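# Notes for the structure review
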Amino acid sequence: MNHCRFLAGLALATTLSALADPPKLPGIGAAMQEMVAKNEIAGSVTLVVTKDKFVHLESTGFADVATKRPRTPDTLFWIASMTKPITGTAILMLQDEGKLNVADPVAKYLPEFANLKTPSGRPANLTISQILMHTSGLGEATGPAAQQAKTLADLVPIWLATPMQYEPGEKWKYTQSGINAAARIVEVVSGMTFDVFLQKRLFDPLGMTNTTFYPTDAQRAHLATAYAKNKDTGALEPVPPRPEFGPRDRPSQGNGGLYSTAPDYARFCQMLLNGGTLEGRRYLSAAAMKFLTTPQTGGLPTGFFQNETYGNRGTNYGWGLATCILRTPHDGVAAMLSPGSYGHGGAWGTQAWIDPVKGVAYLLMVQRSNFPNSDASDVRRGFQKAAAAALAK
């Protein structure tokens, strides 16, 4: 325990040192200023890390335009679906301990799933892998009952009361309920609520001091205001926080409930860059890392570039357990990434992509609520392009 506290203290000291005098790569700040000038975003925090250090950390624009509160490295963001790889990591930590296997049926841990039927009337027999890689066909939790849920356990009967969307394994379809079901399995297997498990097993040891499902008042003082772009005027207009994430009386949802800062999430990325270890502590085995970093979806088209607007790029991507994996780079936001790069974006434009070939991770923190496709945004492309160009010099 003392060793854990020492490492967490060392991590925090390292992070604070990086914040005091952050390094900057040329060109990124200018690219982000251009996005602010175009009213694409109010501001950003950009961060590039290698296995052992921050090589870039820069804040641009405002965390709140009305009060002129500047964006800083400790600005807090709702990271939305960037929570998903952390949920996948939690499951794989339990697999490493022999407490579950991702090939197991979900019903082994959530017995209510035993009676679930597919659209054709067959037993669904969903596996943990299927719910984590969006091939389960599980129905979503919507409506008043879902909004009133206090715990992840409350959501289980709502998912099961909703007809399945398709036969399991038939296709890939982004499914929030599956990820939350995996978070519930973490609770059942570990005996802890999901938020407590992550705090004890991941956030505290990694020194992720501002990553939480439930921001305190002090943390909320650093929360970035979210903005939507007015379609008629082009102006950025503030939007309220999503009500289902953040309040103490809401479940700690593994699909998108976390708030974090760029330096905090960078610690998680560095652990993955190091093959599951950081500063002498192992979080994931080499075998577990393969589930996060190599496609588990076979030849199925996956991801958010499948329609004509985004180039019909479904086969350019595969899915690991709660991670998106770039099989083949393509024009735009993936042009500067290596094959095998992996990561996840969030609904409000946050992005974290790990390039294991180049040994770097790119983190973008913004809060823009109505990007047509947050993974395909010009802001992400501009940041990654500038960062890759600077690193190549």
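Going by the structure above, here's the rest.
Small disclaimer: the values here were computed from a predicted structure and weren't measured. (Residues numbered from 1 in each chain as written. Predicted model: local features only at pLDDT ≥ 70, side-chain atom pairs only at ≥ 80, totals over all residues. Heavy atoms only, no water.)

## Some details on the packing of aromatic side chains
Taken as a whole and judged by the stated rule, the model has 13 aromatic pairs. Pairing Phe 213 with Tyr 214 gives two aromatic rings, centres 6.3 Å apart and planes at 50°, and the pair type is tilted. Taken individually, Phe 213 and Tyr 214 each receive the classification buried, so the pair is uniform in this respect. For the pair Phe 305 and Tyr 310, a centre-to-centre distance of 6.1 Å together with 80° between the ring planes defines the contact as edge-to-face. Given the relative accessible area of 22%, Tyr 310 is considered partly exposed. Site record: aromatic cluster; members linked through ring pairs are Trp 172, Tyr 174, Phe 304 and Trp 319. The ring centre of Phe 62 lies 5.7 Å from the NZ or CZ of Lys 68, which sits over that ring. Taking the ring centre of Phe 371 as reference, the NZ or CZ of Arg 368 above it sits at 4.5 Å. (Phe/Tyr/Trp six-rings, centres within 6.5 Å; stacked < 30°, edge-to-face > 60°. Buried < 20%, exposed > 50% of the residue type's maximum accessible area, 1.4 Å probe, protein only. Lys NZ or Arg CZ within 6 Å of the ring centre and 35° of its normal.)

## Focus: the pattern of salt bridges
Counted under the stated rule, the structure contains twelve salt bridges. A single salt-bridge network, built from bridges that share partners, covers Glu 40, Lys 229 and Arg 368. (Salt bridge = Lys/Arg side-chain N within 4 Å of Asp/Glu carboxyl O.)

## Details of the side chain of His 344
Inspection of the secondary structure assignment puts His 344 in strand 12 (residues 342–345). Judged by relative accessible area, which is 4%, His 344 ranks as buried. A distance of 3.4 Å separates a polar atom in the side chain of His 344 from the backbone oxygen of Ser 81. (Helix = DSSP H or I, 4+ residues; strand = E, 2+ residues; numbered from the N terminus. Polar contact = N/O pair within 3.5 Å; in protein donor to acceptor, adjacent residues only side chain to side chain.)

## Description of the sheet that holds strand 3 (residues 69–70)
The strand order across the open sheet formed by eight strands is 3-2-1-14-13-12-11-10, and the pairing between neighbours is antiparallel. The sheet is open, and its two borders are formed by strand 3 and strand 10 (317–319), each paired with just one other strand. Across five bridges, strand 13 (residues 351–355) lies against strand 14 (residues 360–365) in antiparallel orientation. Across the sheet, residue Asp 355 finds its bridge partner in strand 14, namely Val 360. Of the strands in this sheet, strand 1 (43–49), strand 2 (54–64), strand 12, strand 13 and strand 14 are in contact with helix 10 (residues 262–273), which crosses strand 14 at around 155°. (Pairing = 2+ DSSP bridges. Contact = heavy atoms within 4.5 Å. Axes fitted to C-alpha atoms, helices over the stretch in contact; angles between N-to-C directions.)

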